Structure formats: structure tokens, C-alpha cells
Amino acid sequence: MNELNYNKDLETDILAAMRKPGKAYWFALGFTSSLFLMGLILWAYQIKTGMGAAGKNNPVGWAAYITSFVFWVGIAHSGTLISAVLFLFRAKFRSSFNRSAEAMTIFAIMTAGLFPLIHLGRVWFFYWLMPYPNQRMLWVNFKSPLIWDVFAVTTYFIVSLIFFYVGMIPDFAIVRRNVSGMRKWVYGAFSLGWTGTAVQWRHYAALYMFLAAFATPLVVSVHSVVSWDFAMSIVPGWHTTIFAPYFVAGAIFSGTAMVITLVVPMRKIIRLEKYITPGHFESIAKILLFTSLIVTYSYVVELFSAWYSGNEIELEVFRYRMTGDYCVIYWFMIFCNVLIPLTLFVPALRRNIKYLFAISLLVNAGMWCERFIIIVTSLARDHDPYTWGIYKPTIVDAGIVIGSFGLFFTLFLLFVKLLPVLSMTEKKEAVE
Amino acid sequence: MSGIFIYEDKNEFLSKLQELMNKGVRPEDISVTMPYHVEEAGRILKSRPSLLKYFPLTGAVLGFLAGFGLTIFTALDWPIMTGGKPVVSMPAYLIIAFEMTILFGALAAFLGFLLLAGLPDVRMIISLEENGGKFTVLLKNEK
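Keep in mind it's a predicted model, so treat the numbers as computed, not measured. (Residues numbered from 1 in each chain as written. Chains lettered and ligands numbered in written order. Predicted model: local features only at pLDDT ≥ 70, side-chain atom pairs only at ≥ 80, totals over all residues.)

**Observations regarding the overall build of chain B**
Helix and strand counts for chain B stand at four helices and three strands. In chain B, the succession of α and β elements from N to C terminus is β-α-β-α-α-α-β. Whereas a compact globule of 143 residues would reach a radius of gyration of roughly 15 Å, chain B reaches 24 Å, over 25% beyond that. The burial tally for chain B puts 36% of its 143 residues in the buried class. (Helix = DSSP H or I, 4+ residues; strand = E, 2+ residues; numbered from the N terminus. Rg over C-alpha atoms; globule rule 2.2 N^0.38 Å. Buried ≥ 20, exposed ≤ 12 C-beta atoms within 10 Å, placed from the backbone.)

Printed below as a string of C-alpha cells:
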């Protein structure tokens, strides 16, 4: 009987979350969309004025935009990790986080995808990145990691979107049953006429398994490819073989932190405490701790490799990171990504949701700084001291980066009100 | 025997299915709907494994070939040596082939699912036969 009550309450609570936007919600939506609008205005200003409006220039040609691209692609990773990998390992706590994480993946890739376009300058020529027959008889250079990136990120977006949508089909049918008027038609159309017959469920289970199996190596490949944007070059501090696993671990680390950042307030505001428990948070905190240790190990190996190589240029880059113009950012990164997560060895702190939320904010900040340090310091101290220089952001690139957070959180807020935030069918299955 | 049986409890639903099968009702004469996936129902009804696996396999193989096909064709269409690498540089092209393997495999799996599950089912988009998220057993043929 308890199981039946749980199932009924679950539907009622999730559907209630989709109905009543309160003042706090409208305020939050207004705030985040204003940030996004500010970013759009600044982007328009940059297009009109030229790339000089952004602070990047020789020798630091990749700066806040590419930092943000790598950061947001990284954020996107945990969505698939939580959904696909934990599904393959049959980890039941995934059902508390998977829908939010998958939504986060989609929105983070959309946000990430904007940055190469913003960075291009003449954004209207973005299609030059695609292979298509043209008058000049030229094709894209498939030996370039930047083109691998186009294929990897596009594939990741499409597969993640399918995975996200497929997971929601049975839930759309539940929403369809509980709403009326135009909304019934809309959710009915998205449900594809799902009725939950044995045949549908049999093929659905097979599909979900295949999508999870495809998505898992895809997660690893995408951030590996992003890391090769750097590692395939000969820039000191970039040209290293550990970059692929280092970036993948960092991506999962930052993505897990962002899931916590999003789910803690969502759980409170739409009253999902019954379904997302401290035990679930403890499980996800363990992933955060584990990936933090991998990231720490990568930092150590990176330094060791530079020292062991005996290469003066390589050593100079790492000396510069720790003691140069950006050293405050470097040590803040170490504080956020290495030291603070170690406190999660204490079980009571792993179950303390406010503490986890605070840590997740620090890790998000720390991981943005990590990408910034990797990109900017290496370019600022390249091989030839004659070309050394520093990067200082202007209000335009800083504003566009802040605007990207506005876009991401706006999309997430819309998701919270328009789509079921928990997988109802999976929760019912898990409670058995 | 005919009719529709509606259950809120999963175990009662499974017991009914088992009872029908024990009475010799053919699985193709039983139609069930479930609010969530219950594997035991498939076992009781002796459902065959899903044929979906052939779709992602076909898609993945096609994607792999298309990935190498696209990269090799474009390299040979206007041969330019870049980065000191051969015009046809297989290690670099493997990455494109890998991504397209995943992409085509996933798309084929999704299309295969729609085909096998009979979706989209336009008649049921606004279903008049809602069962309120309960387990239902419908016997199709009277005997």
C-alpha cells in the first residue's frame, strides 16, 4: 500500500511543480534572462565594433571565450555520466538526478556551442566549419582537432538530446493524462501516443540500454577531443599525453558539482525532499570526491612531467602559473579543486546539503579557473620571450561570460516548469 | 473468457497474468499496459527478445563506413598536404569515423524503436482509453 501511495504522491508532486510558478520563480527567471540579454547586447556590440572589443589579442588569442567553451562542455559531461554510466551499473540513486543532469547536459552544450561562434568574430561564416561541396572546391581539414571538435560536440548534442527525450516519453504520457486543453495536445504529441504496452516497454528498455551504451564512450571521446585542441599543438603546458584523461576527469568533476548546484535549490523550491534524499546526495558527493582525487593526481603528474622533462620552456610555464601574473587564480583553483573537496571524506559533511551546495559553487568557480589557467598562461608564456604578454578581460568578454550563465540558468528554470523534473516511471520502478 | 482486468498492485497483476497463462490462454490474446517497465511480465508472456539490436548495429556500421568515406573522399577530391601528414591520414580520420559510428548507431536505434513500438501512434496522442496509470490486462478473443 505504501508503494501505491508513493506512486500517487510522486505524480501529484511532480505535476504540481509544473503548475504554479510563484513570485520567487518569476524573479529568478527575470534575473537570469536579464543577464542573458546583457550578454546578447555585448555580443552585438562586439560584432559591430570588431574583436578588439574583447580583451584577447596576441599572444593570448584564446582567452575567456575558449575557457568558457571548455568549461561548459565539461559541465555537460556529468549529465551523461549520471544517466548513462550509472544506468549501466544499475545504480538506483541515479533516478533522483538523471533528468536534471540530462537537461543540464543539453543546456550546457547549447551554451558551450555559442562560444566558438562568439570567438569566430564573423559569426555568419560559421558554416565554413561544416563539410559541404562548394565553389572553391575546398573541404574542411579533417586532420585538424578543431574539426574533430565540431563533429564530437555535434554528435554529443544530438545523442544527448535523443537520450533526454526518450527518457521523457512515458512521463509525457503521464502529464498528458493529468492536464487539459491545449497542454493535453502538446504533451500528447510529445508522448507520441505512448500507452505503455508490453511491446512498447520491451523495445523501450532495449533502446535505453543501447543509448546508454553509445553515450558512455561518447562522453570519454568528446572531452578527449576537446583536450586535443590543446594537446595536439606544441605550446608548452598543452603538449602532453595526459590531457585527455585529465580533461575527462575534470569534466565529470565540474559537471557533478553543477548537478548539485542545480538540484539543491530545485529540490527545496518545488518540495522534492521526499524523492531526493540526503542519502542520494551522499552518493553523488562520493563521485565529486573521487573525481577531485583524479583531478588532483593529474595536477601532480602534470607538474612532475614538466620537472622530469628538464625542458626549460615547459618548466617556465609551470613556474609562471604558480608565481606569475595569474598566480592568485592558480592557488584559488588548487583551494577549490584539491583542498576543499577533501573535506568530503567526513561522512557527516557528505550528507550536509547546505555544505555540499557551498562546495559545488566553489568547485564550479575552481574549474572555470582551471580552464583559464591552462589556456591563458600557456599562451602568455610561449617559447619566445619576445612574444610574451598578458591577457586582461574587458567588460565585453567578461559580460558575455556572465551572460552565458544567464542563458544556462534561464533554460534550466524553463525546464523546471515545462517538463517533469524527475523520471516518474523510473522512480516508481526503483521504489519496488 | 474475455474482459479487462485493472490492478493498482504489481503483484496482483503478475498473478493474474500467470493464472491466464496457466489456463492455456495464448500470449498473443493477452494485451497488457503497465505504468512502468516490469520485466517479469515479459517473462510470463514468453516475449521474444527485442529485435531492436539490429538497428543500432546497422547504423553503427554505416556510420563507421560513412566517417571514413567522407574523410577519404574529401582528402582525395582536392589533395593538399597539411601538417606534414599524408593526404589520407587514417589515425586522424578514425576520430571522425568513431563519432559518426556513435551518431548513426544512436539515430538508427531511435528510429528502430519507433518502428518496432508502433510510434508515433496518432490515434493515442490524446487517448480516450486512459487507465489512470494502472496495470491492465485485456483479453482480446472470446472463447
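**Concerning the overall build of chain A**
Of the regular secondary structure elements, chain A holds 15 helices and zero strands. Rg of the C-alpha trace for chain A: 23 Å, near the compact-globule value of 22 Å for 432 residues, within the 12% margin. Judged by the C-alpha coordinates and their principal axes, chain A covers about 75 × 60 × 40 Å. Considering chain A as a whole, with its 432 residues, one finds that 50% of them fall into the buried category. In chain A, the share of contacts with a sequence separation of at least 24, taken over all contacts with a separation of at least 6, comes to 83%. (Contact = placed C-beta atoms within 7 Å.)

**Topic: the interface of chain A and chain B**
Each partner contributes to the interface: chain A provides 48 residues, whereas chain B provides 53 residues. Secondary structure elements with two or more residues in the side of chain A that touches chain B: helix H1 (2–17), helix H5 (145–178), helix H6 (182–191), helix H7 (198–231) and helix H15 (424–431) of chain A. With 16 residues, the top contributor of residues to the side of chain A that touches chain B is H7(A). Here the residues of the side of chain A that touches chain B are counted per class, giving 30 nonpolar, eleven polar and seven charged. (Nonpolar A, V, L, I, M, F, W, Y, C, P; charged D, E, K, R; others polar.)

**A short note on the domain arrangement of chain B**
A common way to express how large an interface is: the accessible area buried when the components associate. On domain assignment, one finds that chain B holds domain 1 (3–50 + 122–139) and domain 2 (51–117). Placing a centre on the C-alpha atoms of domain 1 of chain B and another on those of domain 2 of chain B gives a separation of 40 Å. (Domains from an automatic or database assignment.)

**Re the packing of H7(A) against helix H4 (residues 90–117) of chain B**
Contact pair H7(A) / H4(B): the axes reach a minimum separation of 10 Å and the direction vectors enclose 165°. Judged by the angle between their axes, H7(A) and H4(B) are roughly antiparallel. The chirality of how H7(A) crosses H4(B) is left-handed. Contact residues: A:Val199, A:Gln200, A:His203, A:Tyr204, A:Leu207, A:Phe210, A:Leu211, A:Phe214, A:Leu218, A:Ser221 and A:Val225 in H7(A); B:Ile95, B:Phe98, B:Glu99, B:Ile102, B:Gly105, B:Ala106, B:Ala109, B:Phe110, B:Phe113, B:Leu116 and B:Ala117 in H4(B). A class-by-class count of the residues in the contact of H7(A) with H4(B) yields 17 nonpolar, four polar and one charged. (Axes fitted to C-alpha atoms, helices over the stretch in contact; angles between N-to-C directions. Parallel < 35°, antiparallel > 145°, perpendicular 65-115°, else oblique. Left-handed = near helix turned anticlockwise from the far one by under 90°.)

**Re the sheet that holds strand S1 (residues 3–7) of chain B**
Residue and element names in this part refer to chain B. Taken together, three strands build an open sheet; the order of strands is S1-S3-S2 and the sheet is antiparallel. Of all strands in the sheet, those bounded by a partner on one side alone are S1 and strand S2 (30–33). Pairwise comparison of adjacent strand axes, ignoring direction, gives a mean angle of 15° for this sheet. Its contacts with the sheet place helix H1 (residues 10–22) against S1, S2 and strand S3 (135–139), and it is angled at close to 20° to S3. (Pairing = 2+ DSSP bridges.)

**What to know about the packing of helix H9 (residues 278–309) of chain A against helix H10 (residues 312–323) of chain A**
Residue and element names in this part refer to chain A. Where H9 meets H10, the axes come as close as 8 Å, and the angle between the chain directions of the two elements is 140°. As far as their axial angle goes, H10 and H9 are oblique. In this structure, H9 crosses over H10, and the sense of that crossing is left-handed. Across the interface between the two elements, Leu303, Ala306, Trp307 and Ser309 of H9 pack against Glu314, Leu315 and Phe318 of H10. Looking at the contact of H9 with H10 residue by residue, the class counts come to five nonpolar, one polar and one charged.

**What about unusual backbone geometry?**
Of note, the bond from A:Asn58 into A:Pro59 is cis; its omega dihedral lies within 30 degrees of zero at 0°. Structurally, A:Pro59 is set in the loop between helix H2 (23–49) and helix H3 (64–88). With an omega dihedral of -5°, the bond running from B:Leu119 to B:Pro120 counts as a cis peptide bond. Positive phi, normally seen in glycine, also occurs at B:Lys46, with a value near 55°. In this structure, B:Lys46 sits in the loop between helix H2 (39–44) and helix H3 (54–77). What makes B:Lys46 exposed here is the crowd of 8 C-beta atoms within 10 Å.

**Regarding H7(A)**
All names here are of chain A. Between its first and last C-alpha, H7 extends 49 Å over 34 residues, near the 50 Å set by a 1.5 Å rise per residue. Considering bend angle alone, the principal kink of H7 is centred on Leu218 and spans about 25°. Counting buried positions along H7 gives 25 out of 34 residues, so the element sits mostly inside the fold. (Expected span 1.5 Å × (residues − 1). Bend = angle between axes of the 7 residues up to and from the residue.)

**Here we look at the environment of A:Phe69**
Residues and elements named next belong to chain A. The topology assignment puts Phe69 in helix H3. According to the C-beta neighbour criterion, Phe69 is buried, with 27 such atoms within 10 Å. For Phe69, the contacting residues outside a window of four places in its chain are Ala112, Phe115 and Pro116.

**Some points on H9(A)**
All names here are of chain A. Across its 32 residues, H9 extends 46 Å between first and last C-alpha, which sits within 8% of the 46 Å expected from 1.5 Å per residue. Of the positions making up H9, those classed as buried are Phe281, Ile284, Ala285, Ile287, Leu288, Thr291, Ser292, Val295, Ser298 and Ala306. Taken together, the buried residues of H9 touch helix H8 (243–269), H10, helix H11 (327–339), helix H12 (347–350) and helix H13 (353–380). Looking one or two places after H9, you find Gly310, whose phi comes out positive at around 70°.

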